[in-house]
There are 2 protein chains.
Amino acid sequence: MLLIIPFILVLIGVISSNVIDNEVFDCGSYLSDALRNEIASYQPIVNKIIKETVKGRFKSTTYNELADFVDKFGNRLAGTENLENAIDYMLEKSKEKNLENVHGEKAPVRTWIRGEESATLLQPRRQNLPLLGLGLSIGTPPEGITAEVLVVTSFDELESQSERAKSKIVLFVPEYTTYGETVVYRSEAASAAAKYGAVAALIRSITPFSIASPHTEDAHLLQRIQKRGQKIVVNLKMEAHFGDVKISRNTVAEIKGSKNPEKIVIISGHLDSWDVGQGAMDDGGGAFISWNGLVLLKALNLRPRRTIRTILWTAEEFGYVGAKQYYQDHKNETKNWNFIMESDEGTFNPYGLEYVTGDKGACILEEVVKLFAPLNATTTERTDSVGSDINLWLSDGIPGAALLQESSTYFWYHHSPGDTLDVEDPVNLDKNTALWAATAYVVADLSIDFPRD
Amino acid sequence: MLLIIPFILVLIGVISSNVIDNEVFDCGSYLSDALRNEIASYQPIVNKIIKETVKGRFKSTTYNELADFVDKFGNRLAGTENLENAIDYMLEKSKEKNLENVHGEKAPVRTWIRGEESATLLQPRRQNLPLLGLGLSIGTPPEGITAEVLVVTSFDELESQSERAKSKIVLFVPEYTTYGETVVYRSEAASAAAKYGAVAALIRSITPFSIASPHTEDAHLLQRIQKRGQKIVVNLKMEAHFGDVKISRNTVAEIKGSKNPEKIVIISGHLDSWDVGQGAMDDGGGAFISWNGLVLLKALNLRPRRTIRTILWTAEEFGYVGAKQYYQDHKNETKNWNFIMESDEGTFNPYGLEYVTGDKGACILEEVVKLFAPLNATTTERTDSVGSDINLWLSDGIPGAALLQESSTYFWYHHSPGDTLDVEDPVNLDKNTALWAATAYVVADLSIDFPRD
């Protein structure tokens, strides 16, 4: 029996991406002066959106709405009644704000319950090792698993010591480089250890920084003990188990397009969270800039040609469960989808957009971001994937974007008890809301459909 | 019954101090050229100490010894057998290293046991509030205390709302300015709340930064809930209680002076820690630069005119218990004490010394620190108190010093589970060890006694 019992929860939500060089395509030959001028002509509207959010009556409203929500519901694990109550709350709020076509769309979710969990160092001395089980792990027998520990720093090192892994708990202590590079130990450690007959796999926190917030530190302790040639014995207990399938919902609200309501621009984040922390950052911030951005456009009476749809995905943390269901249910409609955005890597100070488009789309976005000079958010990065849920559609060739923002501390808090409202900042949330709403509005209102090339 | 149950442990160990302006006294008229030249003549010896520590055979030894020690014993609460075993280990190690006059000196300690503790938000919703009881708190009844919460941001606000405090749990959420300023809420919150009939006092973490490492965040949560006009009910449980008086020991080792062995220069840190974290920073680092600094001088065969004594204090966290006993037991000897140093505010990158001396002493130290140019550690700060245990003697007019170092993150980890070896850095420990040992050596070897003016 092999268990995944690392020191911190699995990541489902950030996919490593590759930057694409824009230089090869000549926008000059594609973009007409007329189109260039049309995009520039949105500056007064964009300024109005920014002013209303940063200084006007929407100032701090994203933070305040998020605080009300997070403090009321706390964390929101998929499959819990608490998440369903939170979804009802958002549907109700959306109606209050006169958003359009407000409804939930069902998605079945296999529930998972963490239960109690512990890791205790027994040899060479007794010490509690505060662990956080990887989400969707399976549990141990009630008495736990007690076994000797083998510490390795890489898959290669395990390979070279494979004959020592049998019946052991293998602890992986890879050096943290980037999240994208190091997170492979979350997904692959268990099967790598299993191959050589290990009884469980532990991994260090995949984070650049921790204050015993589980918890690179103890991984380093075991590493030092092994270097001294001492035997390490650990007892692991986890009650983690899967439960029934429950029905959850993606939360949907719109501003219907004035000319082409069937054509869609989507702004989104996910409403569920892991069961530790408060899910204020992952993904409360992303969900609330998407939702409050729509509320803002509605309040400003800004109805674009095409429909803007806000979707608050459910069960993202369990593996894009809500998005996958939506993908199935809306297959026939996506030919009309113009653009899709998701914020799921924090809502820190924004400085622009990263996007996945063809060459022509890139030319348009490079013009659009110029409108965000008042926010100091005119940087772009073209890449091959953004966001998490929306990659389902991006891989089908539907263009999309995410925020560029100062997210260097994101993994300090990610999937940990540290994901609380204290991570979020009212001013940054205002700026992100403005950037998000303005991008959606301009793209949804352009005279041409967003190119898929 | 009033309980102190804040979100993080009491501080005993850092005393706020006031910087003293040096300009008024004219060193030119006090320091003879001969004395100035004598101090400067120590440069080759100081260079040797630095070279041996930073690049030579002592490189990384402070870190490695500290790692061996911390990993072997973990945290070391005063009154525990574990601390006594750790003291035996240090005495044994000191003998192995041929340190002189190695012995323990007894100090009785009233023990304190934390036991289990919890705080649970019951209204407006249920949430675990991870708390860390203030050291030396007394416990609750087994069923805990359940009461409504009153949130205040200051003593003044409590004063103005005093009629609302009766039978409540008062939560203080002061803004964190500096540790020295804000820590008053640790020591005074309980009695302030008691005055108005409160049943318990909670305080936010007195730290500038936390990752739910208990835990400013939840204090802010309760503050927001109160602002919304909702009733807050919390259940507090603590098993904390005092135990028997046990005998602990201050750990002493020396290099006897060649000319005036009865005259003493002391370098020190404390060996005990709180019962959370590993006490690697508070005060493993300070204890080990003091101890390994002496080992280094011994290994280099550097025997100064006066005796250098390393003292590893016991039970500092319970209120300088070991130092107070030592103060009583050595009253007759202190006329011969030349200088006393303690490191108890971290061992980060050092940049000089802060000191408590008279004007003449200041003139000498300003010359001594010039010797530390190879370490980039020539900054000084004259102040009215340094360290913790040693303030007992500094207030009697015995001159002393502590490290100036880049300690801005100290309170991120202080008295929390985050106080692990990962906070400590081998290179910084080397630099601190060299600075510490060289200062002690020069002061202990000068042709004149260190002035007490």
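Predicted model only: the values in this text are computed from it and were never measured.

(A) Just the interface of chain A and chain B, in detail. Counting residues at the interface gives 30 residues for chain A, matched by 30 residues for chain B. Across the chain A/chain B interface, buried area totals approximately 2300 Å², and carbon plus sulfur atoms make up 51% of it. Residues D68 of chain B and R228 of chain A are paired through a salt bridge, measuring 2.7 Å at the closest nitrogen-oxygen approach. Inspection of the region where chain A meets chain B yields 20 residue pairs in polar contact (both at pLDDT 80 or more). For the side of chain A that touches chain B, the elements supplying multiple residues, two or more each, are α4 (61-73), α9 (216-227) and α14 (410-413) of chain A. It is α4 of chain A that contributes the most residues to the side of chain A that touches chain B, seven residues altogether. By residue class, the composition of the side of chain A that touches chain B is twelve nonpolar, ten polar and eight charged.

(B) Molecular detail of the packing of helix α3 (residues 43-54) of chain A against helix α15 (residues 426-445) of chain A. All names here are of chain A. Axis separation between α3 and α15 bottoms out at 9 Å; the angle between their running directions is 155 degrees. Overall, the two elements α3 and α15 adopt an arrangement that is roughly antiparallel. As for the relative orientation of α3 and α15, their crossing is right-handed in sense. Between α3, through I45, V46, I49, I50, T53 and V54, and α15, the contact on the second element is made entirely by D430, K431, T433, A434, A437, A438, Y441 and V442. In the contact of α3 with α15, the residues fall into ten nonpolar, two polar and two charged.

(C) Representation of the packing of aromatic side chains. Residue and element names in this part refer to chain A. Using the criterion set out here, one finds 43 aromatic pairs over all chains in the structure. Between F172 and Y185, the ring centres sit 5.8 Å apart and the planes meet at 50 degrees, which makes this aromatic pair tilted. Separated by 13 residues along the polypeptide, F172 in strand β6 (residues 169-172) and Y185 in helix α8 (residues 184-195) bring together distant segments of the chain. Looking at F172, the relative accessible area reads 0%, which means it is buried. On the basis of relative accessibility, which here comes to 10%, the residue Y185 falls in the buried class. An angle of 45 degrees between the planes, with centres 6.3 Å apart, marks the rings of W412 and Y413 as tilted. Look at Y413 and you get buried, because its relative accessible area is 9%. Through a chain of ring-to-ring contacts, the aromatic side chains of F69, F73, Y89, F288 and W291 assemble into a single cluster.

(D) Focus on the UniProt feature "domain: Peptidase M28" (unreviewed entry) in chain A. UniProt marks residues 250-439 of chain A with the feature "domain: Peptidase M28" (unreviewed entry), using the numbering shown here. Note that residues 250-439 of chain A is 32% helix and 25% strand, and that its end C-alpha atoms are spaced 23 Å apart.

The rules behind the values
- Residues numbered from 1 in each chain as written.
- Chains lettered and ligands numbered in written order.
- Predicted model: local features only at pLDDT ≥ 70, side-chain atom pairs only at ≥ 80, totals over all residues.
- Heavy atoms only, no water.
- Contact = heavy atoms within 4.5 Å.
- Buried area = accessible area lost by both parts, 1.4 Å probe.
- Salt bridge = Lys/Arg side-chain N within 4 Å of Asp/Glu carboxyl O.
- Polar contact = N/O pair within 3.5 Å; in protein donor to acceptor, adjacent residues only side chain to side chain.
- Helix = DSSP H or I, 4+ residues; strand = E, 2+ residues; numbered from the N terminus.
- Nonpolar A, V, L, I, M, F, W, Y, C, P; charged D, E, K, R; others polar.
- Axes fitted to C-alpha atoms, helices over the stretch in contact; angles between N-to-C directions.
- Parallel < 35°, antiparallel > 145°, perpendicular 65-115°, else oblique.
- Left-handed = near helix turned anticlockwise from the far one by under 90°.
- Phe/Tyr/Trp six-rings, centres within 6.5 Å; stacked < 30°, edge-to-face > 60°.
- Buried < 20%, exposed > 50% of the residue type's maximum accessible area, 1.4 Å probe, protein only.
- UniProt positions renumbered as here; feature names shortened; annotations may be inferred.

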